[in-house]
Amino acid sequence: MRAYVLYENADWMPPLRQALEAEGVPFDEWFIGPGFVDLAGEPPPGVFLNRMSPSSHTRGHAESIALTKQILHWLEACGRRVINGTRAFALEVSKVAQYTALQRHGLRTPHTVAVAGGVPALRAAVRNIDCPFITKHNCGGKGLGVQLFRSYESFDEYITSPRFVESPDQITLLQEYVEPREPFITRVELVDGAFQYAIQVDTSRGFQLCPAEACSVEEAFCPAGEAAAAPADTSGNRQNLFRLREGFDHAIIAQYARFAAEQGIDLAGFEFIEAQDGACITYDINGTTNYSPAVEQQHGLSGMRAVAQLVKRELADAITRAGCQ
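Residues numbered from 1 in each chain as written. Predicted model: local features only at pLDDT ≥ 70, side-chain atom pairs only at ≥ 80, totals over all residues. Heavy atoms only, no water.

## With respect to the packing of aromatic side chains
Piece 1. Summed over all chains, the structure comprises 13 aromatic pairs.
Piece 2. Taken together, a centroid distance of 5.7 Å and an interplanar angle of 70° make the contact between tyrosine 7 and phenylalanine 31 edge-to-face. Of this pair, tyrosine 7 sits in strand 1 (residues 2–7) while phenylalanine 31 is found in strand 2 (residues 27–31), placing the two residues 24 residues apart along the sequence.
Piece 3. Here tyrosine 7 falls in the buried class, since its relative accessible area comes to 13%.
Piece 4. Accessibility expressed as a relative area gives 37% for phenylalanine 31, which makes it partly exposed.
Piece 5. Relative to phenylalanine 270, the ring of tyrosine 256 has its centre 4.4 Å away and its plane inclined at 15°; by these criteria the two rings are stacked. Taken as a pair, tyrosine 256 in helix 7 (residues 251–263) and phenylalanine 270 in strand 12 (residues 267–274) lie far apart in primary sequence, 14 residues in all. Both residues of the pair, tyrosine 256 and phenylalanine 270, count as buried.
Piece 6. Here the aromatic cluster, defined as three or more aromatic residues joined through ring pairs, consists of Phe133, Phe149, Tyr152, Phe155, Tyr158 and Phe164.
Piece 7. Positioned above the aromatic ring of tryptophan 12 is the side chain of arginine 59, whose terminal nitrogen or guanidinium carbon lies 5.0 Å from the ring centre. (Phe/Tyr/Trp six-rings, centres within 6.5 Å; stacked < 30°, edge-to-face > 60°. Helix = DSSP H or I, 4+ residues; strand = E, 2+ residues; numbered from the N terminus. Buried < 20%, exposed > 50% of the residue type's maximum accessible area, 1.4 Å probe, protein only. Lys NZ or Arg CZ within 6 Å of the ring centre and 35° of its normal.)

Structural data, given as C-alpha cells:
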C-alpha cells in the first residue's frame, strides 16, 4: 500500500518529494493531464494527496482541473482516503464558493460581484461596486487577472484591451479594494488542523504571491494595475517579499482551523488583509499550498514535512483498516 500524489506542476514537486522520502513514505506520482479514468475499475489501495492547482491552464494543462474533479469522485466512491478531496477542491477552484462558505462561518470577505458574459456583462455589472475595486479570476492562482481600478473609465479601457483575459471558468470577479493598514497580506498555514506559521507578504509591487521557489522564475509578475507604485525587483529574487510573522497568535487561527475541519480541508494557506479599522478580511484559500524556502530555512520550519507526516499517518491508518502487514 502506497501514497499517490495527484499533480500537474512538476516544478512544485521537489520539496514534497524530499519530505516524503525523509519520512520514509512509499509513494508514486500521478500526473493529471490528457487521459481517462475507467469507472468500472478499482483504484489502487492507498492514500491520495491532491496537489492539483487552479492555475494549471497557464501551463498548457487546461483539462487537468476537470479530470481531477472526476478522479476525486471516483476515488472517494471507492472508499479511498483523499487528502484535500472533493469538498476541499470545490473551494480550491472557485473563489465564489470560498467566499460564501467563509461568510457562513462568520469570517469577513470583500464585497464581490461575480460576472459571466464577457465585456457587455462586465460593463453592466461594474456600477454595482464602488471605486476603487479590483478584478480577479474566479478560478485561478498566482494573482491571475488581478488588477486595481480607481475609475470606471480605466476599467472600460482595460476590458476592451488585449490585456484582459477571462477566467478559465468564464467567471470574472469585481471586488472591493480593501485598503490595508500596512502594505502586506498575511498567509496562515494549516496542516491537519495544526497551525504551522504565518507569513506576511509584501504587496507593494504586485499580487503574484505564490511563495514557492519555482514561482520566483516565472515570467509573469502580475503588476498591480494602476496601483503599481514601486519598481520591480531587478534581482529576480521574489523570496524577499516574504517574512515570518513571529509571535503571531490571533483568534483567526482557531477560526480557520474550525472552518477547515467543517469543510474537509486537510491543508491550506489562508490569506487575509488587515483593513484600516483592524478587521481581518479573508480573500483566498490555497489548498495547493506552497511554502517559502527563504522563510523556512531562516527559521527552521518545514510545511512540507508536516504534509508528509500527515500522509504518513493516513497511510498507516489505511494499512491498519485494511488489515495489511
